[in-house]
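So the chains spell out like this:
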Amino acid sequence: MPELPEVEVVRRGLARWVRGRTITSVDVLDPRSIRRHTLGTEDFVGNLENCTVLDVVRRGKFLWMPLQAEEPRRTGGAFEAMSKEALPGVALMAHLGMSGQLLMQDPDVPDEKHLKVRLRLSRSDGMPEQLRFVDQRIFGGLFVTSLIPTPDGGPGGQGETPLPEIAEEASYIARDPLDPHFSFDDFYRKIKVRKTGLKRVLLDQGVISGIGNIYADEALWRARLHYAKPTDSLKRADALRVVDAAKEVMSDALAAGGTSFDSLYVNVNGDSGYFARSLDAYGRAGEPCRRCSALGLSGVIRREQFMNRSSYTCPVCQPKPRNGRW
């Protein structure tokens, strides 16, 4: 499953290629990939054709494109501020699932083997004319959804324009550590009233979003904290350290294009990420802990079962807490 940096790589690529362009036609080659659009193919196509993509927005791992039926006026290349009455109201939601890819292609590029949906876009100099949704495993999909006002009045998520709306399906998702509107104070208040382990809250999208299993292990390793450390007794400094570590590790992954553990994951141009080569904990069971080795210590990364998945820690620099919550 793509994690936040992978989805953000896709978002940035899409924003570059599709923002401000009009969807001129839509081909649904496999209705299974729009199954979440319960009103069917005709309604899906009708909601997209002749609409302009205002932006590409991400909240946690959710990705959507706000739509407007008529192209908005521009000033200096940027969309003018819209009144509350003129906010778009609907969006194209993309769920990548395990193998979903959003690819920009020119018309003369042959169809991919697992092409499911094709969006043709208005012409723009030097830009591909088609946005293709390709999905081998068919766990992902596209659908049109409603946008609702954000509870705090801030932007719905990471985007190029500060639209104060969020896709309805993402409305329960908390802000992620890379979001400029993320509140550490809110995060700390939420975890202090929970009697659970630290990694469990890092994976809880209602508390803090976008941190999956890989980056949780990496952030905990950088913060020198064990995944079972109780949150109700967690010191503020420790909580801040792990949030800062999550920001740092995801920023590093963004610079590298994501972890790309699954060979099916590619960014919007079909390029894979390379951050997997830089992981310090995840997937390194039995290998020396790099931090301990640098300090002359003998820590070895250990793999343990955790919530039907795996956790990777160093028993030397991430010791188990006495009162751990598993």
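Residues numbered from 1 in each chain as written. Predicted model: local features only at pLDDT ≥ 70, side-chain atom pairs only at ≥ 80, totals over all residues. Heavy atoms only, no water.

Before going further, it helps to spend a moment on the packing of helix α5 (residues 213–223) against helix α6 (residues 236–256). Interhelical geometry of α5 versus α6 gives an angle of 125 degrees and a closest axis separation of 8 Å. In terms of orientation, α5 and α6 fall into the oblique class. The interaxial crossing formed by α5 with α6 has right-handed handedness. Where α5 approaches α6, its residues Y215, E218, A219, L220, R222 and A223 are matched on the opposing element by R241, V242, A245, A246, E248, V249, M250, D252 and A253. Taken together, the residues that form the contact of α5 with α6 break down as 10 nonpolar, no polar and 5 charged. (Axes fitted to C-alpha atoms, helices over the stretch in contact; angles between N-to-C directions. Helix = DSSP H or I, 4+ residues; strand = E, 2+ residues; numbered from the N terminus. Parallel < 35°, antiparallel > 145°, perpendicular 65-115°, else oblique. Left-handed = near helix turned anticlockwise from the far one by under 90°. Contact = heavy atoms within 4.5 Å. Nonpolar A, V, L, I, M, F, W, Y, C, P; charged D, E, K, R; others polar.)

Turning our eyes to something else, we now look at the pairing of strand β9 (residues 115–121). The element β9 is largely enclosed, with a buried count of 6 among its 7 residues. Pairing analysis gives 5 bridges linking strand β1 (residues 22–28) to β9, with the strands arranged antiparallel. Looking across to β9, one finds that I23 is bridged to L121. Judged from the 5 bridges that link them, β9 and strand β10 (residues 130–134) form a sheet pairing that is antiparallel. Bridge pairing in β10 links R120 to Q130. (Buried < 20%, exposed > 50% of the residue type's maximum accessible area, 1.4 Å probe, protein only. Pairing = 2+ DSSP bridges.)

What follows deals with the environment of P66. One can find P66 in strand β4 (residues 62–68). With relative accessibility at 1%, the residue P66 sits in the buried group. Not counting chain neighbours up to four residues away, the residues in contact with P66 comprise T52, V53, L54, D55, V56, V57, P88, V90, A91, L147 and L163.

Let us now look at α5. Note: α-helices contain 3.6 residues per turn, so residues at a spacing of three or four share the same orientation. Most of α5 sits inside the fold, with 11 of its 11 residues counted as buried. Among all positions in α5, only N213, I214, Y215, A216, D217, E218, A219, L220, W221, R222 and A223 are buried. Those residues of α5 that are buried lie in contact with α1 (4–18), α4 (198–202), α6, α7 (290–294) and β14 (309–313).

Turning next to the pairing of strand β7 (residues 90–95). Note: β4 against β7, 5 bridges, orientation antiparallel. Residue pairing in the sheet places P66 in a bridge with A91 of β7. Note that β7 and strand β11 (residues 141–149) share 6 bridges and pair antiparallel. Within β11, the position partnered with A91 by the bridge is T145.

Our next topic: α6. For α6, which comprises 21 residues, the first-to-last C-alpha distance of 30 Å matches the rise-based estimate of 30 Å (1.5 Å per residue) to within 8%. Those residues of α6 that fall on the buried side of the exposure criterion are D238, A239, V242, V243, A245, A246, V249, M250, A253 and L254. For α6, the secondary structure elements touched by its buried residues are α1, α3 (184–192), α4 and α5. (Expected span 1.5 Å × (residues − 1).)

Right, let's talk about the packing of α3 against α6 for a bit. For the pair α3 and α6, the least separation of the axes is 11 Å and the interaxial angle reads 120 degrees. In terms of orientation, α3 and α6 fall into the oblique class. Considering only the axes of α3 and α6, their crossing is right-handed. Contacts from F184, D185, F187, Y188 and I191 of α3 reach α6 at R236, A239, L240 and V243. Grouping the amino acids of the contact of α3 with α6 by side-chain chemistry returns 7 nonpolar, no polar and 2 charged.

Once that is clear, we can look at the confidence of the model for the protein. Averaged over all residues, the pLDDT of the protein equals 89, while 88% of them reach at least 70. Here residues 71–85 is modelled with pLDDT under 50, and outside its nearest four sequence neighbours on either side it reaches 21 contacts, counting other chains as well. (pLDDT = per-residue confidence, 0-100.)

Within the structure shown, the criterion is met by 7 aromatic pairs. Judged by centre distance (5.9 Å) and plane angle (15 degrees), the rings of F184 and Y188 are stacked. Note that F184 and Y188 are positioned in helix α3 at a spacing of 4 residues, about one turn of the helix. For Y188, a relative accessible area of 14% corresponds to the buried category. Both rings, one in Y227 and one in W326, keep their centres 5.8 Å apart while their planes meet at 75 degrees; by these two values the pair is edge-to-face. Residue Y227 is found in the loop between α5 and α6, and its partner W326 is found in the segment after β14; the two are separated by 99 residues along the sequence. Residue classification places W326 among the partly exposed positions, given a relative accessible area of 47%. Here the guanidinium or amino end of R291 rests over the ring plane of W221, the centre of that ring lying 3.9 Å away. (Phe/Tyr/Trp six-rings, centres within 6.5 Å; stacked < 30°, edge-to-face > 60°. Lys NZ or Arg CZ within 6 Å of the ring centre and 35° of its normal.)

Our focus in this paragraph is the pattern of salt bridges. Inspection of the entire model under this criterion finds 26 salt bridges. Note that E8 and R58 form a salt bridge whose closest N and O atoms lie 2.7 Å from each other. Of this pair, E8 sits in helix α1 while R58 sits in strand β3 (residues 57–59), placing them 50 residues apart in sequence. Judged by relative accessible area, R58 falls into the buried class, the value being 1%. Put simply, R284 and E287 hold a salt bridge, and the shortest N to O gap is 3.2 Å. Taken together, the shared-partner salt bridges in this structure form one network comprising E8, R11, R12, R58, E160 and D176. (Salt bridge = Lys/Arg side-chain N within 4 Å of Asp/Glu carboxyl O.)

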